[in-house]
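What follows is the residue order along each chain.
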Amino acid sequence: MTDYEEEQRNEIEALESIYPDIFQILETEPHCFKLSVAAEISSYEECEPLGVDLQFTYVPTYPDAPPEMDVLSPQNLTEDDVTSIQDLLQQQAEENLGMVMVFTLVSAVQDRLSELVEEKKKQAEEERERKLREEEEKEKKKFEGTRVTIETFLAWKAKFDQETAEKSKSKKDEDNSKKLTGKQLFERDTSLNDSDARFLDNEGEESVEVDESLFQDMADLDLDEELDLED
């Protein structure tokens, strides 16, 4: 008869020895513990660090039955990444029934994290190359300009004519708004009133010389007779 309790205690002692820095016991009845697993440091030089906490809880008949397994606190992982790790744990547990398996499960997850690092590095490189190509295309277009076809020329010509007509109308309206009538000029420029007044004042001040000799013979004229005849 299998002594499940002894096998479980022996595995816990081995795990504490193998993973002294990342192993943590949470409960003893039933046995529950956690390991903080991360990808190798050298694997994410060009990628954010990836990691998860793997929590295992022994069932009474472990290792003939798989332990309860939870993937917690994912670091820089998507939901799809977490799902792939959960599927991997389930697959490995079924393949290793009948023998203690936590070390095998942890090693499989570490390998999967390293694979994810490589995938993300490749994705990041592809994204950098895509952005670089886009920048290069933009620079080329600056020097190439827009290729002219009959359609693009006619569209440009119609737009140009419309803008020209609008500018011409706007300028004409502006010029018309600036023109003033004679009355408006007269009302706006008070100097015109002053000039007329000065003209009249000057006319009144000037003396008119009369040649009196022109009127010396007027006494000899028979003005009364002419007046009578007119009556």
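Up top is the structure these notes are about.
All values reported here derive from a predicted model rather than from experimental measurement. (Residues numbered from 1 in each chain as written. Predicted model: local features only at pLDDT ≥ 70, side-chain atom pairs only at ≥ 80, totals over all residues. Heavy atoms only, no water.)

Participant: Help me understand the environment of V71 in this model?
Facilitator: Its place among the elements puts V71 in strand β4 (residues 68–75). Of the residues examined, V71 reaches a relative accessible area of 12% and is grouped as buried. Separated by 15 residues in sequence, V71 and Q86 have C-alpha atoms that sit 6.8 Å apart. Excluding its chain neighbours within four sequence positions, the residues that come into contact with V71 are V52, D53, L54, V82, I85, Q86 and L89. (Helix = DSSP H or I, 4+ residues; strand = E, 2+ residues; numbered from the N terminus. Buried < 20%, exposed > 50% of the residue type's maximum accessible area, 1.4 Å probe, protein only. Contact = heavy atoms within 4.5 Å.)

Participant: Before we go on, may I ask you to explain the pairing of strand β3 (residues 51–57) in this structure?
Facilitator: Every other side chain in a regular strand lies on the same face of the sheet, so the side chains alternate between the two faces. Along β3, 7 of the 7 residues are buried, which leaves the element largely enclosed by surrounding structure. In β3, alternate side chains face the same way, and those of G51, D53, Q55 and T57 on one face and V52, L54 and F56 on the other are all buried. Bridge count for strand β2 (residues 31–38) against β3 is 7 bridges, and the pairing is antiparallel. From the neighbouring strand, C32 faces β3, where its bridge partner is T57. (Pairing = 2+ DSSP bridges.)

Participant: Looking at this structure, how should I read the nonpolar core?
Facilitator: Burial of nonpolar side chains together is a common tendency in soluble globular proteins. Ranked by size, the top nonpolar core spans 30 residues in total, and within it F33, L35, L54, V102 and L113 carry the most contacts. Of all elements in the fold, only α1 (4–18), β2, β3, α2 (79–95) and α3 (102–144) reach the threshold of two or more residues within this core. Looking at which element gives the most residues to this core, the answer is α3, with 7 residues. Ignoring sequence-local partners within four residues, the contact set of V102 consists of E11, L15, F33, L35, F56, Y58 and Y62. (Core = buried A, V, L, I, M, F, W, Y, C linked by side-chain atoms within 4.5 Å.)

Participant: What should I look at first to understand the sheet that holds β2 in this one?
Facilitator: Sheets are built from strands that pair by backbone hydrogen bonding, the pairs being arranged parallel or antiparallel. Spatially, 4 strands are ordered β1-β2-β3-β4 in an open sheet, and the strand pairing comes out antiparallel. In this open sheet, the two edge strands, each paired with only one partner strand, are β1 (23–28) and β4. Taken pair by pair, the neighbouring strands of this sheet meet at an average axis angle of 20°, ignoring direction. In terms of strand pairing, β1 meets β2 through 5 bridges, oriented antiparallel. Note that in β2 the partner of E27 across the bridge is C32. The sheet contacts of α1 involve β1 and β2, and relative to β2 the element is tilted by about 30°. Helix-sheet contacts for α2 involve β3 and β4, and the interaxial angle to β4 is about 155°. (Axes fitted to C-alpha atoms, helices over the stretch in contact; angles between N-to-C directions.)

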